[in-house]
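# Overview (structure and organization)
Residue strings, one per chain:
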Amino acid sequence: MAGIRDGGGGGGGLDDEALHQLRSRATQLLLKEDWKEYIAVCSLIVDGASASGDRRVLCSALAHRADARARLGDLPGALADCDAALAADPAHHGALLSKGALLRGLGRYAPAAECFRAALAFAGGGGAADEARELAEQCRRLEAQARSGAVDLSEWVLAGFAGRCPDLAEYVGPVEVRRSAHGGRGIFAVKNIEAGATLMIAKAVAIGRGVLPDAADGGEKMAVWKEFVDKVLDAAEKCPRTAALIQTLSTGEERQEELIVPDMALFRQEPQDLSLSDGGNVVREAQEVLDVEKILKVLDVNCLTEDAPSANLFGNNGVVNCGVGLWVLPSFINHSCHPNARRTHVGDHAIVHSSRDIKAGEEITFAYFDVLVPVSKRREAAKAWGFECRCDRCRFEAEDAILKQELVKSEHDLANGGDTGALVVRLEEKMRKSIVKERRKAFLRASFWNAYSALFDSDKLVRKWGRRVPGEAVVAESVADAVGGNESVLRAMLRGAKDGNGCGNRLEVEDKVVRIGRATYGKVVKRNAMRALFRLTLDSDNNSNL
C-alpha cells in the first residue's frame, strides 16, 4: 500500500502515489471550500515533504496552506507559512504573492510592495510578471494614500461606477478622540481643516446588505441584521485586534467616568506585533475572552447605515437599498443639527470628509437624521435615538423668544398643507424685521427647507411670490452654511445657479457650486468627474445610482 517512504535515520517522506492521493483530496476540499480539512491535508504534505527534503513540494504546500489559513482569519499562521516557504526558497513565486497579499490586507503596503517586486524579479516575463508588477504599483498607490488621505475616484465616476470598486487604504487625518462637552466621547479636529478635506478612511469590520421591497416587513430587515451581526462576531473571533477595536466603542450603558479615551495609535497601528509562531493560539485566546454580549450592545448604538442623511453611496447602481455596517473610528462621531462632516461609502470603506470649514479643537459631527426640518421634529428624532441635541442651532430655535411664535405658526402651516409661498415670505419678512443675523437665517431656512423647496419647485408659486424672497441659489448657499453639504441643497444650488438670479458673475457662480459640491462629496474627484456627479444630482430619477 502506498504511504510514507522510509527516508532513513527515522524520517519518512511521501511516495508518489501517496502524494497524488493527498493532492487529489486537497483539490476536492478546495472546491468545497472546506478550509479546515484542506489545512489538515496540506499539513500532511508539508510533513512528508519536510521529511523527504522535497523543497518544491514543501514550498507549494506551505503557500497553499497559507492561503487557506488567511481565509479562516489566521493571519499570523498564514504569514508564518509564507516565511517558512521563503526560507526554503526565497524565489518561490506563490509564497511571495501570498505574503504580499496578506501584508496588503493588513495595511502594510511598503513590505507588501517589496514582496510583489521580488516576485516580479523572479517571474521572468509573461502574465505572472504583469500580475506582480500591477500589484506592486497598487501597493505603492495605497501606501501614498494611507499617508496623505488623497483619493481620486474620477475615472470610476466617469465610467458610471462600472467594474469593481477602487482599492482604498485606511487613513486617519488630523483628528483625535476626546471627551465631548455634550457627554461621552467624540472626534475633534487637531488643526484647522477646510471644507471637503478627508478626515478619515475606514474599512468596515463587516457590512450587511440586502435588496428589500418598499413594503418589507421587520422579518426581512431582521434577516439582514442577523447576517451582519454574525459577520461582526466572526471577524472579532478571527482577529484579536478587531475585537480590541470594537471594545473601544460604547455600549451606551457606561457612566461618563468609565469611558476610556483610546490612544489614536490604536487606529493607526500596523499590526506588526502579531505572533507569527502560533497564530492558532492567538485566535483561540480571542475566542475564549470574546465578550459577545458587549459586542451586541456595541452594535445596537454604533452601527452606521449607507443611506443615512449624512452619507453618499457610490457604486451600488440602485440595486442594494439596505446597508448597515460597523466602521469603528467613524462610530465615535456624534450628532449635530449643525453638522460639519459627511461620509461617502465606496465598497467596504467609508470616506469621512469635512462638509464645511472646521477650526482646530472643534468637534466633528454628523447628522444622524434629517436635519432639514423644524426643531420639534428634530427633537423627536433625537429622542428616538436616545439623546437630546444641544447644538447651537437647536438652542437658538427652541429658546429665541422673539421668533418662537412665528416658528410655531410656520411649522403648523407646513404640517397642515398651508400656502408654502406665503409661509416663506412671512418667515423672510419676520427675519428682516427682527434683524436676524445671516448665520441664524441659515438655521431657520434649513428648518423650513421643505417649504422653500416646494416654492422653488412650483412655477406658479415662483410667479406669485418669487420677487419677495431671495433666489433659489442664495437660499441654497445659506442652508449649506447651516448643514454643510447635502444633495437636496446642492440640487437647488445647481438649478438656481443656472437661472443666475443673484448669484454673481460666471466665475463666482462656478466657485459657489463647486464649494457646495466639495462639501457634499468631498475632494474625491476632479472637476470633470464632479460635473458628472452634478448631472446625476440634477436627475432625481438617477439619484439612487450615486
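For the structure, see preceding data.
Computed from a predicted model, the values in this text were never measured in an experiment.

### Describing the packing of helix H18 (residues 438–447) against helix H21 (residues 472–483)
Relative placement of two packed helices is described by the angle separating their axes and the distance separating the axes. Relative orientation of the contacting elements H18 and H21 amounts to 100°, with a least axis distance of 8 Å. When the interaxial angle is binned, H18 and H21 end up roughly perpendicular. From H18, Lys 441, Ala 442, Phe 443, Arg 445 and Ala 446 reach across to H21, where they touch Val 475, Ser 478, Val 479, Ala 482 and Val 483. When grouped by side-chain class, the residues that make up the contact of H18 with H21 number 7 nonpolar, 1 polar and 2 charged.

### Remarks on the packing of aromatic side chains
With the rule as written, the count across this model stands at 10 aromatic pairs. Arranged with centres 6.0 Å apart and planes meeting at 80°, the rings of Phe 267 and Phe 332 form a pair that is edge-to-face. Of this pair, Phe 267 sits in helix H11 (residues 265–268) while Phe 332 sits in the loop between strand E10 (322–326) and strand E11 (334–335), and the two are 65 residues apart along the sequence. Accessibility expressed as a relative area gives 14% for Phe 267, which makes it buried. Look at Phe 332 and you get buried, because its relative accessible area is 4%. Judged by centre distance (4.8 Å) and plane angle (45°), the rings of Tyr 368 and Trp 385 are tilted. Taken together, the residues span a long stretch of sequence, with Tyr 368 in the loop between strand E14 (363–366) and helix H14 (375–385) and Trp 385 in helix H14 at a distance of 17 residues.

### Comments concerning the pattern of salt bridges
Under the counting rule described, the total for this entry stands at 39 salt bridges. For Arg 426, the salt bridge identified is with Asp 413, shortest N-O distance 3.0 Å. Taken together, the residues Arg 426 in helix H17 (residues 420–433) and Asp 413 in helix H16 (residues 401–415) connect sequence positions 13 residues apart. Note on Asp 413: relative accessible area 18%, which makes it buried.

### Topic: the sheet that holds strand E8 (residues 304–305)
As summarised here, the arrangement of the 3 strands in space is E7-E10-E8, forming an open sheet in which the pairing is antiparallel. In this open sheet, the two strands that pair with only one neighbour each are strand E7 (206–210) and E8.

### Description of the environment of Leu 168
Within the element layout of this structure, Leu 168 appears in the loop between helix H8 (154–158) and strand E3 (171–172). Accessibility expressed as a relative area gives 7% for Leu 168, which makes it buried. Between the C-alpha atom of Leu 168 and that of Ala 150, which follows or precedes it by 18 residues, the distance is 10.0 Å. Setting aside anything within four residues of it in sequence, one finds Leu 168 in contact with Tyr 109, Leu 142, Gln 145, Val 151, Leu 153, Val 346, His 349 and Ile 351.

### Focus on H21
Taking 1.5 Å as the rise per residue, H21 with 12 residues should run 16 Å; its terminal C-alpha atoms sit 16 Å apart, in good agreement. Within H21, 9 of the 12 residues are buried, which leaves the element mostly enclosed by the surrounding structure. For H21, the full list of buried residues reads Glu 472, Ala 473, Val 475, Ala 476, Ser 478, Val 479, Ala 480, Ala 482 and Val 483. Note on H21: the residue one or two positions beyond its end, Gly 484, has a positive phi of about 75°.

Each value, and the rule that gives it
Residues numbered from 1 in each chain as written. Predicted model: local features only at pLDDT ≥ 70, side-chain atom pairs only at ≥ 80, totals over all residues. Heavy atoms only, no water. Axes fitted to C-alpha atoms, helices over the stretch in contact; angles between N-to-C directions. Helix = DSSP H or I, 4+ residues; strand = E, 2+ residues; numbered from the N terminus. Parallel < 35°, antiparallel > 145°, perpendicular 65-115°, else oblique. Contact = heavy atoms within 4.5 Å. Nonpolar A, V, L, I, M, F, W, Y, C, P; charged D, E, K, R; others polar. Phe/Tyr/Trp six-rings, centres within 6.5 Å; stacked < 30°, edge-to-face > 60°. Buried < 20%, exposed > 50% of the residue type's maximum accessible area, 1.4 Å probe, protein only. Salt bridge = Lys/Arg side-chain N within 4 Å of Asp/Glu carboxyl O. Pairing = 2+ DSSP bridges. Expected span 1.5 Å × (residues − 1).

These results come straight from atomic positions and should not be treated as a statement about function.
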